[in-house]
Amino acid sequence: MVDAKGRNMKCLTFFLMLPESVKSRSNKGSKKGSPSNSKLPPVCYEIITLKTKKKKKMAADIFPTKKPAAATTVQQYQQENLNNNNTIQTCNWQGLYPTIRERNAVMFNNELMADVHFVVGPPGGTQRLPGHRYVLAVGSSVFHAMFYGELAEDKDEIRIPDVEPAAFLAMLKYIYCDEIDLSADTVLATLYAAKKYIVPHLARACVNFLETSLSAKNACVLLSQSCLFEEPDLTQRCWEVIDAQAELALKSEGFCDIDSKTLESILCRETLNAKEIVVFEAALSWAEAECQRQDLALSIDNKRKVLGKAVYLIRIPTMALDDFANGAAQSGVLTLNETNDIFLWYTAAKKPELQFVSKPRKGLVPQRCHRFQSCAYRSNQWRYRGRCDSIQFAVDKRVFIAGFGLYGSSCGSAEYSAKIELKRQGVVLGQNLSKYFSDGSSNTFPVWFEYPVQIEPDTFYTASVVLDGNELSYFGQEGMTEVQCGKVTFQFQCSSDSTNGTGVQGGQIPELIFYA
């Protein structure tokens, strides 16, 4: 055979997918030179022209195995899909991805083959997103019922005004890509979407994310949401944080965003570990925010109006008299009769009846982890001179460190100044400078942080103290590396910050005071 340029070419014929019997009969027919005598059906041949005097190519050379797409390529497609800028650059894009998961990921938020569209978000903030009915139905029973159930919708466009676009995209990414991508800004909305469309694994991941990021700043908001989503484990975790770090939680911005039902549940909480004046001030801040939400003037009357009966859940008669006189009594929220009756309740022998709860809250009972089996003193130690006593510890459950128990003077009564500090990986989480009085006994004396510090499990923290006072004091002996305290296990190890001799076996900081 001669090509257009006069070069000699060979014709190589491949019989594709033919049984041996067919091949042999075909060869016999070709020898006779009479195509009309052959009763075989026409055979499709693949003709490949090869240059003469060249080595014949093997099948592996002609059809090279395509390498699996690199992870960066998949991530690039996913990023393009998030931006809805996902044009397929090749007609054989399926061959770029070796697994069905990666091929599905390419279709995430992709117009290619999309057979349904969602208009997601409230009016004025909507986003139009493409979808594929089969993929969505495989990922969610709600989508399955929507597209293939007895009451299936045949609409090409579905409006979803109660879900945020970013949260809906996060859910679609999980359904298409089997990937969970959560952030603090969208996790609550994503949890709502996962609950609405019954995607349980994504919902569980959202709850886990919320539990690990739970703090006093967001505990009240998450409490409100966890009740709405019917997540009892998350609700219990929120209460643990609110009880232990009540004052921080009540002073947070998130407290003002809760609904009235959640407000009432917090105000009547028996184990709330906060001064009542802090509770009162937090309720006033919430009332101010609620007036703004209801487009009401920020007047005293309107604040009292939005509080309603919740005001009687504040235990005003249990405040210190100074706190009441300088705070609640002058706030204007109480009526003259209420103010007068509370003053009489403080001072009169015959106390008037009050609508307010007059019984103090129980709060939380602090627990103590004692790490020494004995203590001692010598004539020449324990001395301080401004040096640091320090120890590292870890727990197996979340707790809240409220302070330390410290030894005092072994030479009679004395006063100490203590600078206590709690760090994690060099970052200061809590510190306080206070004084305590030692009566000369071998007892421990509590020194408190301003607010309890949240301690996460399975991470080492550093507890430190610098003492200034009587040079001779008691010190601990026979220290333990592991202490079981209630349901919490503490582990101890030496700290490089310790410059005064304190370690696991002996020294200062005999107790960690905590809530659990």
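Please read all numbers here as calculations on a predicted model, not as lab measurements. Going along each chain's sequence as written, the residues are numbered from 1 onward. A pLDDT threshold of at least 70 governs which residues receive local features in this predicted model, and a stricter bar of 80 or more applies before side-chain atom pairs are shown or counted, although totals over entire chains, interfaces and linings include all residues. With hydrogens and water stripped out, all remaining heavy atoms of the structure feed into the side-chain values.

## Some words on the overall build of the protein
To qualify as a helix, a DSSP run of H or I must reach at least 4 residues; to qualify as a strand, a run of E must reach at least 2; elements of each kind are numbered from the N terminus. The secondary structure content of the protein amounts to 17 helices and 17 strands. In this scheme, a residue with accessible area under 20% of its type's maximum is buried, one over 50% is exposed, and one in between is partly exposed, where area comes from a 1.4 Å probe on protein chains only. Evaluated residue by residue, the protein yields a buried proportion of 44% over its 516 residues. Residue contacts are counted whenever heavy atoms from the two residues lie within 4.5 Å of one another. A separation threshold of at least 6 residues defines the contact pool for the protein, and within that pool the share at least 24 residues apart is 72%.

## Some points on the layout of surface pockets
Considering only enclosed or pocket space, the largest pocket measures out at about 320 Å³ in volume. In the cavity and pocket records, a cavity denotes points on a 1 Å grid over the protein atoms alone where a 1.4 Å probe fits but cannot get out, a pocket denotes an open set with protein on both sides within 12 Å along at least 5 of 7 lines, and lining residues are residues with an atom within 4 Å of a point. Taken together, 14 residues line the largest pocket, and the ones lying closest to its centre are Arg-237, Glu-240, Lys-397, Arg-398 and Ala-516. Taken together, the elements giving at least two residues each to the lining of the largest pocket come down to helix 9 (200–212) and helix 11 (232–244). Looking at which element gives the most residues to the lining of the largest pocket, the answer is helix 11, with 3 residues. Polar here means any residue other than Ala, Val, Leu, Ile, Met, Phe, Trp, Tyr, Cys and Pro, which are nonpolar, and Asp, Glu, Lys and Arg, which are charged; Gly is therefore polar. For the lining of the largest pocket, a count of residues per class yields 4 nonpolar, 3 polar and 7 charged. Grid points are joined across faces, edges and corners, and a volume is the space filled by probe spheres set on the points. As a volume, the second largest pocket reaches approximately 260 Å³. In terms of lining, the second largest pocket is formed by 16 residues, of which the most central are Glu-247, Asn-273, Glu-450, Tyr-451 and Pro-452. Elements with a contribution of two residues or more to the lining of the second largest pocket: helix 12 (246–251) and strand 12 (444–455).

## Comments concerning a nonpolar patch on the surface
Side chains of Tyr-134, Val-138 and Tyr-148 sit close together on the surface and give an oily, nonpolar patch of about 380 Å² of accessible area. Mapped onto the fold, Tyr-134 is located in helix 5 (residues 133–139). Of the residues examined, Tyr-134 reaches a relative accessible area of 59% and is grouped as exposed. The patches reported here contain residues having more than 30% relative accessible area and no salt bridge. Joining distances are 9 Å for like charges and 5 Å for nonpolar side chains (Val, Leu, Ile, Met, Phe, Trp, Tyr). For accessible areas, the Shrake-Rupley method is used with a probe of radius 1.4 Å. Any residue's cover is judged against the shown protein chains and nothing else. Whenever a carboxyl oxygen of Asp or Glu lies within 4 Å of a side-chain nitrogen of Lys or Arg, that contact is scored as a salt bridge.

## Let's talk about the side chain of Arg-371
With respect to the helices and strands, the residue Arg-371 is situated in the loop between strand 6 (367–370) and strand 7 (372–376). His is not counted, nor are the chain ends; Lys and Arg add positive charge and Asp and Glu add negative charge. One buried charged residue, Arg-371, forms no salt bridge at all, with the nearest opposite charge on Asp-389 at 7.7 Å. Think of a polar contact as two N or O atoms within 3.5 Å of one another; within protein, one of them needs to be a possible hydrogen donor and the other a possible acceptor, and neighboring residues in sequence only count if both atoms come from side chains. Among the polar contacts listed, one links the side chain of Arg-371 to the backbone oxygen of Gln-508, at a separation of 2.9 Å.

## Thoughts on the pairing of strand 3 (residues 116–120)
Where burial is concerned, most of strand 3 is hidden: 5 out of the 5 residues are buried. Relative to strand 4 (residues 127–131), strand 3 is paired through 5 bridges, and the arrangement is antiparallel. Note that in strand 4 the partner of His-117 across the bridge is Pro-130. Pairing between two strands is assigned when DSSP locates at least 2 bridges connecting them. Where strand 3 and strand 5 (residues 157–160) come together, 4 bridges link them in parallel fashion. Along strand 5, the bridge assignment pairs His-117 with Glu-157.

## Some points on the sheet that holds strand 8 (residues 388–395)
Overall, antiparallel pairing links the 6 strands, which are arranged 11-10-13-8-16-15 in an open sheet. Edge positions in the sheet fall to strand 11 (427–438) and strand 15 (482–485), since each has one partner strand and no second. In this sheet, neighbouring strand axes are inclined to one another by 25 degrees on average, regardless of whether the strands run parallel or antiparallel. As judged from the 6 bridges shared by strand 8 and strand 13 (residues 461–468), these two strands associate in the antiparallel manner. Bridged to Cys-388 within strand 13 is Val-466. Only the contacting stretch of a helix is used when fitting its axis, a line to C-alpha atoms as for every element, and angles between N-to-C directions run 0 to 180 degrees.

## Considerations on the environment of Arg-398
Here Arg-398 lies in the loop between strand 8 and strand 9 (399–407). For the pair Arg-398 and Glu-456, spaced 58 residues apart in the sequence, the C-alpha separation amounts to 4.8 Å. Filtering out sequence-adjacent residues up to four positions away, Arg-398 remains in contact with Glu-211, Thr-212, Leu-214, Arg-237, Gln-454, Ile-455, Glu-456 and Pro-457. At 2.8 Å, the side chain of Arg-398 forms a polar contact with the backbone oxygen of Glu-211. Within polar-contact distance, the side chain of Arg-398 engages the side chain of Glu-456 at 3.4 Å.

## Some points on helix 10 (residues 219–229)
Residues of helix 10 that are buried: Ala-219, Cys-220, Leu-222, Leu-223, Ser-224, Ser-226 and Phe-229. Where helix 10 is buried, its residues contact helix 8 (187–196), helix 9, helix 11, helix 12 and helix 13 (260–267). Immediately downstream of helix 10, the backbone of Glu-230 shows phi near 60 degrees, a positive value.

## Thoughts on the sheet that holds strand 5
Spatial strand order, 4-3-5: 3 strands in an open sheet with mixed pairing. The open sheet has two free edges, formed respectively by strand 4 and strand 5, since each of these has just one partner strand. Taken over all neighbouring pairs, the strand axes of this sheet differ in orientation by 25 degrees on average, direction set aside. Packing of helix 7 (residues 165–177) onto the sheet brings it into contact with strand 3, strand 4 and strand 5, and relative to strand 4 it is tilted by some 10 degrees.

## Remarks on the packing of aromatic side chains
Any pair of Phe, Tyr and Trp rings, taking the six-membered ring for Trp, is counted once the centres come within 6.5 Å. Such a pair is stacked with planes under 30 degrees apart, edge-to-face with planes over 60 apart, and tilted for the rest. A full pass over the atoms with the stated rule returns 19 aromatic pairs. On the numbers, 6.5 Å between centres and 45 degrees between planes, the contact of Tyr-192 with Phe-229 is tilted. With Tyr-192 in helix 8 and Phe-229 in helix 10, the pair connects residues that are 37 residues apart, well separated along the chain. Here Tyr-192 falls in the partly exposed class, since its relative accessible area comes to 30%. Here Phe-229 falls in the buried class, since its relative accessible area comes to 9%. Their ring planes at 25 degrees and their centres at 6.0 Å tell us that Phe-393 and Tyr-461 sit as a pair that is stacked. A residue pair is termed long-range when its members are at least 10 positions apart, and Phe-393 in strand 8 and Tyr-461 in strand 13 qualify at 68 residues. Taken as a pair, Phe-393 and Tyr-461 share a single burial class, namely buried. Each residue in the set Phe-118, Phe-143, Phe-147, Phe-168 and Tyr-197 is aromatic and connected to the rest through ring pairs, giving one cluster. It is Arg-269 that lies over the ring of Trp-239; its NZ or CZ is 4.1 Å from the centre. Here, a charge over a ring is recorded when the distance from Lys NZ or Arg CZ to the ring centre is within 6 Å and its angle to the ring normal is within 35 degrees.

By themselves, these are just geometric observations and shouldn't be taken as functional.
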